[in-house]
Amino acid sequence: MSVVTRFAPSPTGFLHIGGARTALYNWLFARRHDGRYLLRIEDTDTAREVPGAVEQIIESLTWLGIPPDEPPVSQRARQERHAEVARQLVAMGRAYYAYETPEELQAMRERAIAEGRPPRYDGAWRDRDPADAPPGVPGAIRLKAPRQGETVVEDLVQGTVRVANAELDDMIILRSDGRPTYLHAVVVDDHDMGITHVIRGDDHLTNTFRQCQVYDAMGWARPAFAHIPLIHGQDGAKLSKRHGAVSVLDFRDQGYLPEAVANYLLRLGWGHGDIEVIAMDEAARIFDLADVGRAAARFDYQKLAHLNGIWLRRADDERLTRLVLERLARRTEGAVGAITAERIAKLMAGLKERARTLEDLTDAAAFLARTVPLPMEPKAEGLLTPEARIALRELAASWNGVAWEPAALEAATRAHAEAKAMKLKDLAMPLRAALTGSTTSPPVFDVAAALGREETLARIAAVSG
RNA sequence: GUCCCGUUCGUCUAGAGGCCUAGGACUCGGCCCUUUCAAGGCCGCAACACGGGUUCGAAUCCCGUACGGGACGCCA
């Protein structure tokens, strides 16, 4: 039987990073087994739906490199089918109509809690004659759950999980207004979509027992379940905005690379020996649910940043140049010139070595887009002493006739320093300040080469008069 | 309250009874390299929640305790 997995978010907002990991694991598992990975939108609650959420979820998944294999399925569109199954269950004697009002149920729950009992439906209508039904009142359909024995789930991550059926009450599967409840709709959809493996957050673990009862009542084969732990913030509480970015698109906007985010998410709660840096195609070959941990993991932004630095250095220079130009254009609210683009492309190899995020990279590349006089950082200004300015003027003069490429410039500068009995450092640092306005940059002769002869001399002239 | 799940360095993890004086990674500190900053290399700090068992031997198996999380809705 071929594997079919699904990611099933509700369209109540942006795609949370925790949801992204769930999607990633579904994607990896499907890839690993040459199966299909589907997306289902759990949109039965129209009141909570956020406009544009579906598009944003798909955009997020696509950015991460894990778009669904097929167009998304809308749960709402399948409501008639959910209702049909619920009625079928009634016809089979596995479900029944119950007529308590929501207010009565609420009161029942409160009373139970006050008396120290578990808040469960008492099953009042379970054995009552349907003829007793109050006229004109639409009932809700409840599943007639087994009262003896236990329900056992063989979870691929959590192991064997069991609960006494006496702990479970008769859940509502179809609301009195005819709309299905989530627990029921999920089962019907997963069955109809041929889902073989349900991989989801472990907040659904205890719901699984009830869902299994629906499968069992319908005589449907249960899919395999895998409940993965949730992601927490640094303080152990559920990851939320106050911890930092939580939406996938936030990470994109903050300058993280999708392959780094995916890599980090994969390693958060999953391990495979000592490997840390792993590409998704490689991961798809070795991913195993048995290697997923069972405890909640805390999100560590620093480790993500470190990983992002690694992927940044591995990334193609052309791609990075394009991404930096986009960011630069957004900052200056205008297109960046061809000359700047050329300089950035030329220096990218040195630039990316020093950055962790695209934001860092853009900061570091910004000086290439400027014109004289350059804004100077205080530390850079400090390097440009009167003596240093004179030395720079002499250095520039000594470059006459030198080939404009890093090795030749460096050789010429070293020779000049030696002739002047100066340390290379005492020329290189002021030069860096003059060319970049900063005390840190890629190797300064690479900078000079990227800037070109004319611009380099102009920048030196601007500080040495 | 009831039920379910979990617990290895600060964090992510390796570990499936002897290979563990517990390994790797992030962070932090030191050194090296070096025109700066990074990157890289080397070194260091730092953990099996606790208590009982089982066993010749337990981070690994069993039980209990503590702590953490989750679920108990005509939300998803």
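As shown above, the structure is provided for reference.
Colleague: Go over the pattern of salt bridges with me, naming the residues and quoting the values.
Modeller: In this structure the tally under the stated criterion is 34 salt bridges. Among the salt bridges present, the one from R40 reaches E42, with a minimum N-O distance of 3.1 Å. Here the two residues R40 and E42 agree in accessibility, since each one is buried. Here R327 makes a salt bridge to E359, at a shortest N to O gap of 2.6 Å. Pair noted here: R327 is in helix α11 (residues 317–332) and E359 is in helix α13 (residues 358–365), with a separation of 32 residues, a long-range link.

Colleague: Report on the nonpolar core, specifying residues and quantitative values.
Modeller: Ranked by internal contacts, the top residues of the largest apolar core, which has 102 residues, are Y25, L28, L266 and F299. For this core, the element with the highest residue contribution is helix α1 (residues 17–32), accounting for nine residues. If near-sequence neighbours (up to four positions away) are discounted, L28 is found in contact with L266, M280, A283, A284 and F287. By size, the runner-up hydrophobic cluster in this structure holds 31 residues, among which are L89, V153, Y215 and F225.

Colleague: Give me the lowdown on the packing of aromatic side chains, citing residues and values where you can.
Modeller: Counted according to the given criterion, the structure contains nine aromatic pairs. Ring centres 4.8 Å apart and planes at 70° place the aromatic pair Y99 and W125 in the edge-to-face group. Of this pair, Y99 sits in the loop between β4 (95–98) and α4 (102–114) while W125 sits in the loop between α4 and β5 (140–143), and the two are 26 residues apart along the sequence. The exposure classification of Y99 matches that of W125, with both residues buried. Here W399 and W404 contribute two aromatic rings whose centre-to-centre distance is 5.6 Å and whose plane-to-plane angle is 85°, an arrangement assigned as edge-to-face. In terms of burial, W399 and W404 fall into one category: buried. Taken together, the aromatic side chains of F251, Y256, Y264, F299 and Y301 make up a single cluster linked through ring pairs. The ring of Y121 has R142 sitting right over it, with the charged end atom 3.5 Å from the ring centre. A cation sits over an aromatic face here: R314 above W311, 5.2 Å from the ring centre.

Colleague: Account for the protein's contact with RNA strand B, naming residues and giving values.
Modeller: Around RNA strand B there are 61 residues in total, and E100, R175, G269, R354 and S441 lie nearest to it. Atoms of RNA strand B within 4 Å of the protein: sugar and phosphate make up 70%, bases the balance. Here N207 contributes a side-chain N or O atom positioned 3.2 Å from a base nitrogen of RNA strand B. Listed by contribution, the elements that provide at least two residues to the surface near RNA strand B are α4, β5, β7 (159–164), α6 (205–218), β12 (297–298), α10 (301–314), α17 (424–436) and α18 (444–451). Here the surface near RNA strand B takes four residues from α10, the largest share from any one element.

Colleague: Kindly report on the sheet that holds β4, identifying the contributing residues and their values.
Modeller: Here we have three strands laid out as an open sheet, ordered β4-β5-β8, and antiparallel in their pairing. Two strands close off the open sheet at either side, each with one partner strand: β4 and β8 (172–174). Between one strand axis and the next, the sheet turns by 45° as a mean value, whatever way the strands run. Seen against the sheet, helix α3 (residues 79–91) touches β4, β5 and β8 and runs at an angle of roughly 100° to β4.

Colleague: Give me the side chain of D155: which residues, what numbers.
Modeller: Inspection of the secondary structure puts D155 in strand β6 (residues 150–155). Although D155 is buried, it makes no salt bridge; R200 carries the closest opposite charge, 7.1 Å away. A distance of 2.8 Å separates the side chain of D155 from the backbone nitrogen of Q158, its partner in a polar contact. Leaving out residues up to four positions away in the same chain, D155 has contacts with L205, F225, A226 and H227.

Colleague: Report on the environment of P68, specifying residues and quantitative values.
Modeller: With respect to the helices and strands, P68 occurs in the loop between α2 (53–64) and β3 (73–74). C-alpha of P68 to C-alpha of W27: the two residues are 41 residues apart in sequence and 8.1 Å apart in space. Excluding anything up to four places from it in sequence, P68 contacts Y37, L38, L39 and L61.

Colleague: Summarise α1; cite the residues concerned and give the values.
Modeller: The terminal C-alpha atoms of α1, which comprises 16 residues, lie 22 Å apart, in line with the 22 Å expected from a rise of 1.5 Å per residue. Among the 16 residues in α1, 14 count as buried, and that is most of the element. After α1 finishes, the residue D34 shows a positive phi value of roughly 55°.

Colleague: Would you mind going over unusual backbone geometry in detail, with residue names and values included?
Modeller: The residue after V372, namely P373, is reached through a cis peptide bond having omega -5°. Turning to its location among the elements, P373 is positioned in the loop between α13 and α14 (378–383). Not every positive phi belongs to a glycine, and A421 is a case in point at roughly 55°. Mapped onto the elements, A421 comes out in the loop between α16 (406–419) and α17. Here A421 falls in the exposed class, since its relative accessible area comes to 73%.

Colleague: Give a description of the environment of N400 that names residues and reports values.
Modeller: Within the element layout of this structure, N400 appears in the loop between α15 (386–398) and α16. In the structure, N400 is positioned twelve residues away from A412 in sequence and 9.6 Å away in space, judged by C-alpha atoms.

Colleague: Can you break down the side chain of D189 residue by residue, with the values?
Modeller: Tracing the chain through its elements places D189 in helix α5 (residues 182–192). A residue is classified by how much of its surface remains accessible, and D189, at 0% relative accessible area, is buried. Reaching out from D189, the side chain makes a polar contact with the side chain of Q75 at a distance of 2.8 Å.

Colleague: Run through the environment of A166, naming residues and quoting values.
Modeller: Within the secondary structure layout, A166 lies in the loop between β7 and β8. Taking the C-alpha atoms as reference, A166 lies 34 Å from L39; in sequence the two are 127 residues apart. Discounting residues that sit within four places of it in the chain, A166 has contacts with R120 and R147.

Rules and cut-offs
Residues numbered from 1 in each chain as written. Chains lettered and ligands numbered in written order. Predicted model: local features only at pLDDT ≥ 70, side-chain atom pairs only at ≥ 80, totals over all residues. Heavy atoms only, no water. Salt bridge = Lys/Arg side-chain N within 4 Å of Asp/Glu carboxyl O. Buried < 20%, exposed > 50% of the residue type's maximum accessible area, 1.4 Å probe, protein only. Helix = DSSP H or I, 4+ residues; strand = E, 2+ residues; numbered from the N terminus. Core = buried A, V, L, I, M, F, W, Y, C linked by side-chain atoms within 4.5 Å. Contact = heavy atoms within 4.5 Å. Phe/Tyr/Trp six-rings, centres within 6.5 Å; stacked < 30°, edge-to-face > 60°. Lys NZ or Arg CZ within 6 Å of the ring centre and 35° of its normal. Near = heavy atom within 4 Å. Polar contact = N/O pair within 3.5 Å; in protein donor to acceptor, adjacent residues only side chain to side chain. Pairing = 2+ DSSP bridges. Axes fitted to C-alpha atoms, helices over the stretch in contact; angles between N-to-C directions. Lys, Arg positive; Asp, Glu negative; His and termini not counted. Expected span 1.5 Å × (residues − 1).

These values are about where atoms sit, not about what they do.
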